[in-house]
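Residues per chain, in single letters:
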Amino acid sequence: MAGTPVQPETFKATLSNSPSAVTVVTVSGDEGTDPHGITVSSFASGSLEPPLVVVGIDRESETHERLTGDETGFCVNLLAADQRDLAEHFAGITDVGDPFRRSHTASRSGAPVFDDAVAFLDCEHVETVGLGDHVLHVGRVVDAAVLDASAPPLTYCRGEWGTVTEDLPTWRRVGS
């Protein structure tokens, strides 16, 4: 069934009805460059074995350039509902000064981890797949942790920041 694709405005309006987790993808600062980050809601698990995640990043962004250049890894910070300021900062909406003052360095990739995030996934960059105006960056997860299981995650839906619930159950290890 070939036909004319849906208009971008219709596509965006339709997808806006699906809540997305809000993450900040960070990369390290190497040889004269500062650490860098970008707000990403196009994030998904890719595989359990091996553990892979996928982030969709605009091909015109500095983050994409750094990941296709010398960067060997990145960190996906899953933001808490009270971290809207970080999400807006890395989306270019507001300025919070030095956002990395709230972070420590991830052990493997060297990318910043936000201490007050819900969780993080530290990744080795393994592949890129170009799709339209974005590029999917695949990362092999080399370190991960839940930092605050009681914090509600930050979401984005219908043009608004929020959370999926104010009363989330705490995380439990499978088989516990």
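Residues numbered from 1 in each chain as written. Predicted model: local features only at pLDDT ≥ 70, side-chain atom pairs only at ≥ 80, totals over all residues. Heavy atoms only, no water.

What to know about the layout of surface pockets
Volume-wise, the largest pocket comes out at about 1,100 Å³. Lining of the largest pocket is provided by 26 residues; of these, Lys12, Leu15, Ser41, Ser42 and His134 occupy positions nearest its centre. In terms of residues, the lining of the largest pocket owes the most to one element, helix α1 (residues 8–15), which gives four residues. Across the lining of the largest pocket, the residue classes break down as 13 nonpolar, nine polar and four charged. (1 Å grid on protein atoms, 1.4 Å probe; cavity = no way out; pocket = protein on both sides within 12 Å on 5 of 7 lines; lining within 4 Å. Points joined across faces, edges and corners; volume = space filled by probe spheres on them. Helix = DSSP H or I, 4+ residues; strand = E, 2+ residues; numbered from the N terminus. Nonpolar A, V, L, I, M, F, W, Y, C, P; charged D, E, K, R; others polar.)

So, the pairing of strand β4 (residues 43–47)
Relative to strand β5 (residues 52–58), β4 runs antiparallel, the two sharing four bridges. Across the sheet, residue Phe43 finds its bridge partner in β5, namely Val55. Hairpin geometry of β4 and β5 is characterised by an intervening segment of four residues between the two adjacent antiparallel strands. (Pairing = 2+ DSSP bridges.)

Comments concerning the packing of aromatic side chains
Geometrically, a pair of aromatic rings is defined through the distance of the ring centres and the angle of the planes. With the rule as written, the count across this model stands at four aromatic pairs. Three or more aromatic residues joined by ring pairs form one cluster here, namely Phe90, Phe100 and Phe114. (Phe/Tyr/Trp six-rings, centres within 6.5 Å; stacked < 30°, edge-to-face > 60°.)

Focus: the sheet that holds strand β9 (residues 119–131)
Across the sheet, seven strands lie side by side as β3-β2-β6-β9-β10-β5-β4; this open sheet has antiparallel pairing. Looking along the sheet, the strands with just one partner apiece sit at the ends: β3 (36–40) and β4. Going from strand to strand, the sheet's axes swing by 35° on average, the running direction of each strand aside. Here strand β6 (residues 73–78) pairs with β9 via six bridges, running antiparallel. Note on β9: the bridge partner recorded for Leu78 is Ala119. (Axes fitted to C-alpha atoms, helices over the stretch in contact; angles between N-to-C directions.)

Quick look at the confidence of the model for the protein chain
With 90% of its residues at a pLDDT of 70 or more, the protein chain shows a mean pLDDT of 85. The lowest-confidence element of the protein chain is helix α2 (residues 62–67), averaging 79 in pLDDT; the highest-confidence one is helix α3 (residues 84–90), averaging 95. (pLDDT = per-residue confidence, 0-100.)

Here we look at the nonpolar core
By size, the foremost hydrophobic cluster in this structure holds 13 residues, and its most contacted members are Val25, Val53, Val55, Phe74 and Val76. Residue assignment for this core shows that the elements contributing at least two residues are β2 (23–27), β3, β5, β6 and β9. A per-element tally of this core places β5 first, with three residues. Excluding anything up to four places from it in sequence, Val76 contacts Thr23, Val24, Val25, Phe43, Val53, Val55, Ala119, Phe120 and Leu121. One finds Val22, Val24, Ala87 and Ala117 within the second-largest nonpolar core, a separate group that totals eleven residues. (Core = buried A, V, L, I, M, F, W, Y, C linked by side-chain atoms within 4.5 Å. Buried < 20%, exposed > 50% of the residue type's maximum accessible area, 1.4 Å probe, protein only. Contact = heavy atoms within 4.5 Å.)

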